[in-house]
Amino acid sequence: MIETVVLGFGSNIGNRLYNINSAIKVLSLNRDLNLLSLSSVYETEPWGFKEQRNFLNCAAVFLSRLSPSDLIKLTGKTEKLAGRIKRDKWKAREIDIDVLFYGNKVINKRSLKVPHPFLHVRNFVLAPLVEIMPGLIHPVLKKTILELNAISKDTGLVKANKKANKAQN
């Protein structure tokens with residue numbers, strides 16, 4: 001079965017753009033994933049724990065032949081390959097890959113919650129999604145990404161990172 005999946009990427013340790021691009025490349029080379037769309041890269045304020053370096057964030061849409069559990073295993077392996085070290089929740093990270101959507105499925109397992117439970121309250125997730133999938137309807141909240149972005153109460157700074165975007169092109 002083939003599903004459209006949306007992944008979010010973030011990094012605030014080391015060469016942030018390299019970390020994100022490396023993770024996207026590793027996933028893109030997997031025979032069970034086909035990259036369809038990639039957002040611009042955004043410079044974002046940290047969310048949850050503010051006393052750390054700003055993040056770079058982006059989102060990507062893939063066609064996937066992986067089950068949800070195989071996808072979460074692959075993203076975890078990809079994070080480890082990129083040098084991610086486990087730290088406390090919302091702390092600095094070399095790379096973070098979140099499964100934001102898996103088709104229009106709702107998954108509520110200990111290891112995977114989809115749609116991502118915080119995506120609608122995080123501007124650093126919404127901004128890249130507005131760019132690449134503004135009309136996508138959240139299967140639980142029944143609102144488009146554009147609508148969720150418009151009602152977001154998150155005040156965190158999110159701005160396109162021109163240098164990173166120029167390097168990606």
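Look a little higher up for the structure.
Residues numbered from 1 in each chain as written. Predicted model: local features only at pLDDT ≥ 70, side-chain atom pairs only at ≥ 80, totals over all residues. Heavy atoms only, no water.

(A) Local environment of the pattern of salt bridges. In this structure the tally under the stated criterion is six salt bridges. Close ionic contact of Glu3 with Lys105 constitutes a salt bridge, the shortest N to O distance being 2.9 Å. A residue pair is termed long-range when its members are at least 10 positions apart, and Glu3 in strand 1 (residues 3-11) and Lys105 in the loop between strand 5 (96-102) and strand 6 (107-108) qualify at 102 residues. Assessed through its relative accessible area of 13%, Glu3 is described here as buried. For Lys105, a relative accessible area of 30% translates into the label partly exposed. (Salt bridge = Lys/Arg side-chain N within 4 Å of Asp/Glu carboxyl O. Helix = DSSP H or I, 4+ residues; strand = E, 2+ residues; numbered from the N terminus. Buried < 20%, exposed > 50% of the residue type's maximum accessible area, 1.4 Å probe, protein only.)

(B) The pairing of strand 5, seen in detail. Burial runs high along strand 5: seven of the seven residues are buried. Sheet topology note: the strand 1/strand 5 ladder contains six bridges and is antiparallel. Paired with Gly8 across the two strands is Asp98, which belongs to strand 5. (Pairing = 2+ DSSP bridges.)

(C) Structural detail: the packing of helix 1 (residues 16-28) against helix 2 (residues 68-81). Running from N to C, helix 1 and helix 2 cross one another at 135 degrees; their axes reach a closest spacing of 10 Å. As summarised for this structure, helix 1 and helix 2 are arranged oblique, according to the angle between their axes. Of the two elements, helix 1 crosses helix 2, and the hand of that crossing is right-handed. Along the contact surface, helix 1 presents Ala23, Val26 and Leu27, while helix 2 presents Leu74, Thr78 and Leu81. For the contact of helix 1 with helix 2, a count of residues per class yields five nonpolar, one polar and no charged. (Axes fitted to C-alpha atoms, helices over the stretch in contact; angles between N-to-C directions. Parallel < 35°, antiparallel > 145°, perpendicular 65-115°, else oblique. Left-handed = near helix turned anticlockwise from the far one by under 90°. Contact = heavy atoms within 4.5 Å. Nonpolar A, V, L, I, M, F, W, Y, C, P; charged D, E, K, R; others polar.)

(D) Summary view of helix 3 (residues 123-132). For helix 3, the tally of buried residues reaches eight of 10 residues, placing the bulk of the element in the interior. Those residues of helix 3 that sit buried are Asn123, Phe124, Val125, Leu126, Ala127, Pro128, Leu129 and Ile132.

(E) Fine view of the nonpolar core. Leu7, Phe9, Leu27, Phe62 and Leu71 are the most contacted members of the largest nonpolar core, which has 25 residues in total. Counting only elements with at least two residues in this core, the list comes to strand 1, helix 1, strand 4 (55-64), helix 2 and strand 5. In terms of residue count, the dominant contributor to this core is helix 1 (five residues). Excluding residues within four positions of it along the chain, Leu7 makes contact with Leu27, Cys58, Ala59, Ala60, Phe62, Leu71, Thr75, Ile97, Asp98, Val99 and Leu100. Among the nonpolar cores identified, the runner-up in size contains 14 residues, and Ala59, Phe101, Phe124 and Met133 belong to it. (Core = buried A, V, L, I, M, F, W, Y, C linked by side-chain atoms within 4.5 Å.)

(F) Looking closely at unusual backbone geometry. Between Val114 and Pro115 the backbone carries a cis peptide bond, its omega angle lying at -5 degrees. On the secondary structure map, Pro115 appears in the loop between strand 7 (113-114) and helix 3. Backbone geometry places Lys142, a non-glycine residue, at a positive phi of 60 degrees. Within the secondary structure, Lys142 is located in the loop between helix 3 and helix 4 (145-151).

(G) Structural view of a nonpolar patch on the surface. A surface patch of nonpolar side chains, about 240 Å² in accessible area, is lined by Val106, Val140 and Leu141. Considering the arrangement of structural elements, one finds Val140 in the loop between helix 3 and helix 4. (Patch = residues over 30% accessible without salt bridge, like charges linked within 9 Å, V, L, I, M, F, W, Y side chains within 5 Å. Areas by Shrake-Rupley, 256 points an atom, 1.4 Å probe, with all protein chains shown as cover.)

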